[in-house]
Amino acid sequence: MADAGVRRSGRRPGRSGSREAILRAARLKFAELGYERTTVRGIAREAQVDAALVHHFFRSKEGVFAAAVHEAIRPMELMPVVLAGDPATLGERLLTAVLGLWESAERHDALLAVLRSAVSHETAAKILREFLGREILGPLAQALAEPQRALRAALLGSQLIGLVMARYIIRIEPLASASTRALVAAYAPVIQKALTGDGPHPGSFPGRITPQPGGSAG
């Protein structure tokens, strides 16, 4: 009779720690293969769990990716720090926090996997876009007692994503090698202007963004 204490090789007993192991495995696979080529079975093999356990925790590959995005950014830690304090220094706090995430050895690879997946597959891009709108840009917009605040937040998002792409993905010099302190000093005023400076003229964008009463949305 087989020893009752012998466990199947390559499978984790129970579920303790399995969710974290699955997320670690997912980050590795998304970074290695991209979103499209990553599969639930591949994630399960990397995490040494049954694929059914991945479905139990996350339901689908989309669910795993959404959880990976949340874990990489952790808005519940980020946003209270950013939103607390003087609105006049909101841009500096936001930029410092975003760059701090990317400079963190713990979070850099997770963010890299998320961003590379998002720029290569529409489903991943949609998940990231909705997350940023809900967890980051939405709260920022609500904090702005300014006209066109939703548009301001969206423009801010484009600036931050562009900076991250230039510094960490494409690695354009001298942005790639500049110190965080120097980058914050140079770029925070640009971020602050997007948040609280003179906003875009209401007629600068077509009606889909600033519709006129009775006007066309086209």
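Structure shown above.
The paragraphs below set out a description of the structure included in this document.

Reading the values: the criteria
- Residues numbered from 1 in each chain as written.
- Predicted model: local features only at pLDDT ≥ 70, side-chain atom pairs only at ≥ 80, totals over all residues.
- Heavy atoms only, no water.
- Buried < 20%, exposed > 50% of the residue type's maximum accessible area, 1.4 Å probe, protein only.
- Helix = DSSP H or I, 4+ residues; strand = E, 2+ residues; numbered from the N terminus.
- Arc of directions from axis to C-beta.
- Contact = heavy atoms within 4.5 Å.
- Phe/Tyr/Trp six-rings, centres within 6.5 Å; stacked < 30°, edge-to-face > 60°.
- Lys NZ or Arg CZ within 6 Å of the ring centre and 35° of its normal.
- Core = buried A, V, L, I, M, F, W, Y, C linked by side-chain atoms within 4.5 Å.
- Axes fitted to C-alpha atoms, helices over the stretch in contact; angles between N-to-C directions.
- Parallel < 35°, antiparallel > 145°, perpendicular 65-115°, else oblique.
- Nonpolar A, V, L, I, M, F, W, Y, C, P; charged D, E, K, R; others polar.
- Expected span 1.5 Å × (residues − 1).

1. Some words on helix H3 (residues 51-58)
(1) Moving on: Those residues of H3 lying buried are Leu53, Val54 and Phe58. Buried residues along H3 cover an arc of 110 degrees about the axis, so they all sit on one side.
(2) Moving on: Along its buried surface, H3 packs onto helix H1 (18-37), helix H2 (40-47) and helix H4 (61-73).
(3) Moving on: Two residues or fewer after H3 comes arginine 59, characterised by a positive phi angle close to 75 degrees.

2. A word on the packing of aromatic side chains
(1) Moving on: Under the counting rule described, the total for this entry stands at five aromatic pairs.
(2) Moving on: Between the aromatic rings of tyrosine 35 and phenylalanine 65, the centroid separation amounts to 5.4 Å while the plane-to-plane angle is 80 degrees, which identifies the pairing as edge-to-face. Highlighted residues: tyrosine 35 in helix H1 and phenylalanine 65 in helix H4, separated in sequence by 30 residues.
(3) Moving on: Given the relative accessible area of 2%, tyrosine 35 is considered buried.
(4) Moving on: Among the aromatic residues, ring-to-ring pairing joins Phe30, Tyr35 and Phe65 into one connected group.
(5) Moving on: Positioned over the ring face of tyrosine 35 is lysine 61, at 4.4 Å from the centre of the ring.

3. Describing the environment of alanine 67
(1) Moving on: Structurally, alanine 67 is set in helix H4.
(2) Moving on: In sequence terms alanine 67 and alanine 26 are 41 residues apart; their C-alpha atoms lie 9.7 Å from each other.
(3) Moving on: Excluding anything up to four places from it in sequence, alanine 67 contacts Arg19, Leu23 and Phe58.

4. Here's the deal with the nonpolar core
(1) Moving on: Ranked by size, the top nonpolar core spans 60 residues in total, and within it Ile73 and Leu140 carry the most contacts.
(2) Moving on: Once residues lying within four places of it in the same chain are set aside, the contact partners of isoleucine 73 are Leu78, Leu101, Arg107, Leu111, Phe131, Leu132 and Ile136.

5. Thoughts on the packing of H1 against H4
For any two helices packed against each other, one specifies the inter-axial angle together with the distance between the axes.
(1) Moving on: It is the contact of H1 with H4, at a shortest axis distance of 10 Å, that shows an interaxial angle of 105 degrees. Considering the angle they form, H1 stands roughly perpendicular to H4. The residues of H4 that touch H1, namely those facing Arg19, Leu23, Ala26, Arg27, Phe30, Tyr35 and Glu36, are Lys61, Glu62, Val64, Phe65, Ala67, Ala68 and Glu71.
(2) Moving on: Here the contact of H1 with H4 is built from residues that sort into eight nonpolar, no polar and six charged.

6. Some words on helix H6 (residues 90-103)
(1) Moving on: For H6, built from 14 residues, the straight-helix expectation of 20 Å at 1.5 Å per residue is met to within 8% by its first-to-last C-alpha distance of 20 Å.
(2) Moving on: Among the 14 residues that make up H6, ten are buried, leaving the element largely enclosed by the rest of the structure.
(3) Moving on: All buried positions along H6 are accounted for by Leu90, Gly91, Arg93, Leu94, Leu95, Ala97, Val98, Leu99, Leu101 and Trp102.
(4) Moving on: Here the buried face of H6 lies against H4, helix H5 (75-83), helix H7 (105-118), helix H8 (122-143), helix H9 (149-169) and helix H10 (180-196).

7. Description of the environment of leucine 175
(1) Moving on: You can see leucine 175 is positioned in the loop between H9 and H10.
(2) Moving on: Between the C-alpha atom of leucine 175 and that of leucine 163, which follows or precedes it by twelve residues, the distance is 8.4 Å.
(3) Moving on: If we skip the residues at most four places from it in the chain, leucine 175 touches Leu163, Ala166, Arg167 and Leu183.

8. Considerations on unusual backbone geometry
When glycine is set aside, most residues are seen to have a negative phi, and most peptide bonds are trans.
(1) Moving on: The linkage connecting glutamate 173 with the following residue, proline 174, adopts the cis geometry, with an omega of 5 degrees.
(2) Moving on: Along the chain, proline 174 falls in the loop between H9 and H10.
(3) Moving on: The backbone phi angle of arginine 171 is positive, close to 60 degrees, even though this residue is not glycine.
(4) Moving on: You can see arginine 171 is positioned in the loop between H9 and H10.
(5) Moving on: Residue arginine 171 is classed as partly exposed on the basis of its relative accessible area of 49%.

The analysis is restricted to geometry; functional conclusions fall outside its scope.
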